[in-house]
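# Geometric and topological summary
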Amino acid sequence: MGYHWNWGIFWEQSPEGTGTYFDMLVQGLETTLVTAALAWLIAFVVGSVVGVLRTLPGRVAPAIATCWIELFRNMPLLVQLFLWYFVVPDLLPGPWGVWLKQLPNAPFITAVLGIGFFMSARVAVQVASGVEALPRGQRAAATALGLTGPQTYRYVLLPMAYRIILPPLTSELLNTIKNTSVALTIGLAELTARARAVQEFSFQVFEAFTAATLAYLVVNLIATLAARWLEDRVRVPGFGKP
Amino acid sequence: MRFIPLALAAMLLGAPAMAAELTGTLQKVKETGSIAMGVRDSSVPFSYLDEQQKPVGYAIDICYKIIDAVKKELNLPNLKVQLVPVLSSNRIPLMANGTIDLECGSTTNNVDREKQVSFTNTHYLTASKFVAKKSEHLNTIAELAGKTVVSTAGTTNIVQLNQVNAARKLGINVVPAKDHAEAFLMVETGRASAFVMDDIILASLIASAKDPSAYVISDDAFSAAEPYGIMVRKDDVPFKALADKATREFYLSPEGKATYAKWFQSPIPPKGLNLNTPMSAGMKHAFEHPSDNPDPASYN
């Protein structure tokens, strides 16, 4: 290969004049982590609400939940981000659209909401599956004890459902972190975007992407270990893993 | 001892056909009988696809001059030319692993990049300017104060924009876009007031816009004009020398000027757009004194 390796590239000044190439990647990693954390918060909260709606008795609530899930689950994330970023502001009434377009952090806000909503559909399906996986007798028992609907979910169904779906939820958390890289297409300067910028400036493409790959790997391993720890901590004796 | 004259004669006779003396790219081309040219799909008018999806452009014409020189040098009239589409993100790996032998596009030659690859004689000079809607009445950098301005992420242009913004305390809200088309779309849809980019790229974006008369390019520039070059592998002295000689002869010949006029001052495929960009003073200098110097100051 006619490639000139230069691992020292990270300590050289970047042409942006704000620090070294390493600093560029660190800034990118910070953006990735903040975006992923906020998107996951939205995904978890909205996903839980929609997931619960899907398991409610009656027709209206499950129908609304199904619409939400199918809408956000069946469109590629890339398309959704483009719609939020380019199409939605033009559908709003004039001044609102202009306000939205001129927001200082538009790519960041769009990425957090877009990825958050996309992942919420996946979390919702899992919350609903978790609730449905419980024996039907649990709901009946709660009703027999005189618990109201919200109390049934709060004290009987959800505590067990979340424990059941913790492993797949961990995968969704990792997907959220990785999906932030799609936001580079709307101009968010996250880790992958910064790695690309490093290669554009220095032409040291393999070093830049090796560093980005390791960063993603380490972040996701830490997230996995944290989730394992949580799983062990909240396990109810007699349920789950022997 | 009578073997010596025989051996000498054999060496002399065999010399023109011997590939053993060749190294690097020339050796590879001789052995495989083909040369691979990296082409871009939308770098108008340097390297892009015409209506038959065939790569054409100013840089492609220049690359064929280099390939003609290779054919002559290696005595390979039937040299096969492979056209390999490349992106800005994969051109370095493809060049390093030998998938492409020369990259024909609009790649800026600068000192940092010369640590990884080499460039032949400069074929174009471009300055960083901005495009805005005429209705916005923006023409100087100072008038961008407080506005939202877009540039393409990972380019030297966005760096220059950030530097000027910080140095002159203009309070510009700098937004990065993924690529040129998206950045231009942001100006078109009003998400940004201006788009900072190489002036020739702006000219081609305007020429292909829905309403070209609605846009204007600034006179103010963010930088001195930077050189574009054809990219070749680093430390491949014989191939670079050959490419330098071929491009030098081409720029000094009347054909060089005619080729420039063909791509920058006449209607070009696919839609018959005319970029209307006559040679700048720096460009004339670059043609009269061909050079591979990455320093913008050497052309002005």
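Residues numbered from 1 in each chain as written. Chains lettered and ligands numbered in written order. Predicted model: local features only at pLDDT ≥ 70, side-chain atom pairs only at ≥ 80, totals over all residues. Heavy atoms only, no water.

Scanning chain B from terminus to terminus reveals 10 helices and 16 strands. Once the C-alpha set of chain B is aligned to its principal axes, its extents read approximately 85 × 40 × 35 Å. Within chain B, the fraction of its 300 residues that count as buried is 52%. Across chain B, the fraction of contacts at a sequence separation of at least 24, relative to all contacts at a separation of at least 6, is 75%. As displayed, chain B offers around 13,200 Å² of accessible surface, 57% of which is attributable to carbon and sulfur atoms. For chain B, the centre of its 30 positive side-chain charges and the centre of its 31 negative side-chain charges are spaced 2 Å apart. (Helix = DSSP H or I, 4+ residues; strand = E, 2+ residues; numbered from the N terminus. Buried < 20%, exposed > 50% of the residue type's maximum accessible area, 1.4 Å probe, protein only. Contact = heavy atoms within 4.5 Å. Areas by Shrake-Rupley, 256 points an atom, 1.4 Å probe, with all protein chains shown as cover. Lys, Arg positive; Asp, Glu negative; His and termini not counted. Charge placed at Lys NZ, Arg CZ, Asp CG, Glu CD.)

The next subject is the overall build of chain A. A count of helical and extended segments in chain A gives 9 helices and 0 strands. Viewed in the frame of its principal axes, chain A has a C-alpha envelope of about 70 × 55 × 30 Å. For chain A, the proportion of its 242 residues judged to be buried stands at 45%. Across chain A, contacts joining residues at least 24 apart in sequence account for 72% of those joining residues at least 6 apart. As presented, chain A carries roughly 12,200 Å² of accessible surface, and 70% of it is formed by carbon and sulfur atoms.

Given a rise of 1.5 Å per residue, 16 residues ought to cover 22 Å, and the 22 Å separating the end C-alpha atoms of helix H8 (residues 237-252) of chain B matches this to within 8%. Those residues of H8(B) that fall on the buried side of the exposure criterion are Phe239(B), Lys240(B), Leu242(B), Ala243(B), Asp244(B), Ala246(B), Thr247(B), Phe250(B) and Tyr251(B). (Expected span 1.5 Å × (residues − 1).)

In this section: the domain arrangement of chain B. Residue and element names in this part refer to chain B. For chain B, the assigned domains are domain 1 (24-125 + 226-299) and domain 2 (128-217). Where domain 1 abuts domain 2, roughly 810 Å² becomes buried across the two surfaces, and 56% of that area is made up of carbon and sulfur atoms. Our count for the contact surface shared by domain 1 and domain 2 stands at 0 salt bridges. At the junction of domain 1 and domain 2, the tally comes to 2 residue pairs in polar contact (both at pLDDT 80 or more). Of the residues contributing to the side of domain 1 that touches domain 2, the split by class is 8 nonpolar, 2 polar and 2 charged. (Domains from an automatic or database assignment. Buried area = accessible area lost by both parts, 1.4 Å probe. Salt bridge = Lys/Arg side-chain N within 4 Å of Asp/Glu carboxyl O. Polar contact = N/O pair within 3.5 Å; in protein donor to acceptor, adjacent residues only side chain to side chain. Nonpolar A, V, L, I, M, F, W, Y, C, P; charged D, E, K, R; others polar.)

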